[in-house]
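# Tertiary structure, described
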Amino acid sequence: MIKTFINAALAAGADIMEIYATDFNVEDKEDGSPVTLADQRAEAIIVKILGQECPQVPVVGEESVAAGRIPQIGSRFAIVDPIDGTKEFIKRNGEFTVNIGLVEDGEVVAGVVFAPALGDLYWGKLEDGAFKARVENGHLTDERPIRCRAAGEGSLTVVASRSHRTERTEAFLEKLPDVSVISAGSSLKFCRVAEGEADLYPRFGRTMEWDTAAGQAVLRAAGGQTLVEGGSPLRYNKQGTTPEERFENPFFLAVGDEQIISRFRLKSGW
C-alpha cells in the first residue's frame, strides 16, 4: 500500500506544480481557511488512485469533509490532506506537502509526505522504518533510511510553525533552556524531527487529523512519538461533540526521543 500512496502523492504533486506555476485564485472555506483549485484537483487525483488500487480502504479527504462528504469508516481507513500548508503554497515558499496516511484501530501505521516544490519525499511504515528520497522528473533518487536522533546533553533544536505560531507556543519556547528554533511549514515539521534535524515539534494550535496523520506515521516509523498532554499518543477517528470538531486534534508534542519529554516535564510544565 505504501507504493500506491507514493504513486498517488507523486501524481498529485505533479498536478499541483502545474497550478503552482500559474496565477491561481484563492478562496476561503467556511472555517476561514484558504483553498485553491490545486487542493481540490490533487485530492480528486489521490482519491481516484486509492479507489482503484485499494478499493477496500475508505478515504477521508480534507476537501471532501469540508464539502460534507464523509465516507463510512471502520477501524482501517486512509486520510488525505492534498496540500498541507496552503498558506505556504499561496506564499510560494515551497514548504507545502501532499499527505496520505493509513489509520488502523485509531493509530497511524503508515504514511507518505511529499513536498513537490522541494523535491523531497518521505515515507514510513511501522515494521519497515522511515525513508527519504529525492524526486526528479517523477522518479525517486538518493533513497535512504532516516532515524530520529538521540537526546543529548547539549542544546535542543525545536522546529515550529512558520504560519501558525501561537502565544502558548512562544511561552513554551521561552521556558526551554539552551534551545535553538527553526521554522518550517506544513507536515515538514514532523519530517525534520524524523530525519534528525530537530528534536521537538510543539503544536499549541488547531490541527485536524489529515494535517498530522502522514507526518506522524513517518515520525513514528523513524523512532519518534507524537504525544498529547498526559503522555498518550495522538489518536485518530475522533468523533468530537459537534460536526466541526470531528477529526480535530488536541495540542501535542512530536518528539524524536522520549527522554526529551522527561526533561521538558521538569523544566517546561508540559
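That block above? That's the structure.
All values derive from a computational prediction rather than experimental measurement.

## A look at the overall build of the protein chain
A count of helices and strands for the protein chain gives 8 helices and 14 strands. For a compact globule of 270 residues, the expected C-alpha radius of gyration is about 18 Å, and the protein chain comes in at 17 Å, within 12% of that figure. Along the longest, intermediate and shortest principal axes, the C-alpha atoms of the protein chain span 50 × 45 × 40 Å. With 270 residues in all, the protein chain has 54% of them scored as buried. Long-range pairs, those at least 24 residues apart, make up 62% of the contacts in the protein chain with a sequence separation of at least 6.

## Thoughts on the packing of helix H1 (residues 2–20) against helix H2 (residues 37–53)
At a minimum axis distance of 9 Å, the contact between H1 and H2 shows a crossing angle of 155°. Classed by the angle they form, the pair H1 and H2 counts as roughly antiparallel. Considering the relative orientation of H1 and H2, their crossing is right-handed. Of the residues in H2, those touching H1 at Thr-4, Phe-5, Asn-7, Ala-8, Ala-11, Ala-12, Asp-15, Ile-16, Glu-18 and Ile-19 are Leu-37, Ala-38, Arg-41, Ala-42, Ile-45, Ile-46, Ile-49, Leu-50 and Glu-53. Tallied by class, residues from the contact of H1 with H2 come to 13 nonpolar, 2 polar and 4 charged.

## A closer look at the pairing of strand S9 (residues 139–146)
Bridge analysis of strand S8 (residues 129–136) against S9 gives 6 bridges, and the strand direction is antiparallel. Looking at the pairing, Val-135 lines up with Leu-140 of S9. Two successive antiparallel strands, S8 and S9, enclose a turn made up of 2 residues, where Asn-137 displays a positive phi of approximately 55°.

## Observations concerning unusual backbone geometry
Of note, Asp-142 is a non-glycine position whose phi angle comes to about 50°, a positive value. Position of Asp-142 among the secondary structure elements: in strand S9. Judged by relative accessible area, which is 57%, Asp-142 ranks as exposed. Despite not being glycine, Ser-186 has its phi angle at roughly 55°, a positive value. Looking at the element boundaries, Ser-186 is found in the loop between strand S11 (179–184) and helix H6 (188–194). Of the residues examined, Ser-186 reaches a relative accessible area of 9% and is grouped as buried.

## Section: the pattern of salt bridges
Applying the stated criterion across every chain, the model contains 14 salt bridges. Residues Glu-107 and Arg-235 are paired through a salt bridge, measuring 3.8 Å at the closest nitrogen-oxygen approach. Residue Glu-107 is located in strand S6 (residues 107–115), and its partner Arg-235 is located in the loop between strand S13 (225–228) and strand S14 (252–255); the two are separated by 128 residues in the primary sequence. When its relative accessible area of 33% is taken as the criterion, Glu-107 is described as partly exposed. For Arg-235, a relative accessible area of 40% gives the class partly exposed. For Arg-149, the salt bridge goes to Asp-199, with nearest N and O atoms at 2.9 Å. Placement of Arg-149 in the loop between S9 and strand S10 (156–161) and of Asp-199 in the loop between H6 and strand S12 (200–203) is noted, with a sequence separation of 50 residues between them. Taking relative accessible area as the criterion, Arg-149 reaches 30% and is therefore assigned partly exposed. One salt-bridge network, in which partners are shared between bridges, spans Lys-132, Arg-144, Arg-192, Glu-195 and Glu-197.

## What to know about the environment of Ser-75
Looking at the element boundaries, Ser-75 is found in the loop between helix H3 (62–66) and strand S4 (76–84). On the basis of relative accessible area, Ser-75 is assigned to the partly exposed category, the value being 46%. Remark: the alpha-carbon pair of Ser-75 and Glu-104, spanning 29 residues in sequence, is separated by 5.4 Å.

## Topic: the environment of Ser-155
Mapping Ser-155 onto the fold places it in the loop between S9 and S10. Between the alpha carbons of Ser-155 and Glu-104 there is a distance of 36 Å; along the sequence they are 51 residues apart. Every residue in contact with Ser-155, bar those within four places of it in the chain, is listed here: Asp-178 and Asp-199.

The rules we used
- Residues numbered from 1 in each chain as written.
- Predicted model: local features only at pLDDT ≥ 70, side-chain atom pairs only at ≥ 80, totals over all residues.
- Heavy atoms only, no water.
- Helix = DSSP H or I, 4+ residues; strand = E, 2+ residues; numbered from the N terminus.
- Rg over C-alpha atoms; globule rule 2.2 N^0.38 Å.
- Buried < 20%, exposed > 50% of the residue type's maximum accessible area, 1.4 Å probe, protein only.
- Contact = heavy atoms within 4.5 Å.
- Axes fitted to C-alpha atoms, helices over the stretch in contact; angles between N-to-C directions.
- Parallel < 35°, antiparallel > 145°, perpendicular 65-115°, else oblique.
- Left-handed = near helix turned anticlockwise from the far one by under 90°.
- Nonpolar A, V, L, I, M, F, W, Y, C, P; charged D, E, K, R; others polar.
- Pairing = 2+ DSSP bridges.
- Salt bridge = Lys/Arg side-chain N within 4 Å of Asp/Glu carboxyl O.

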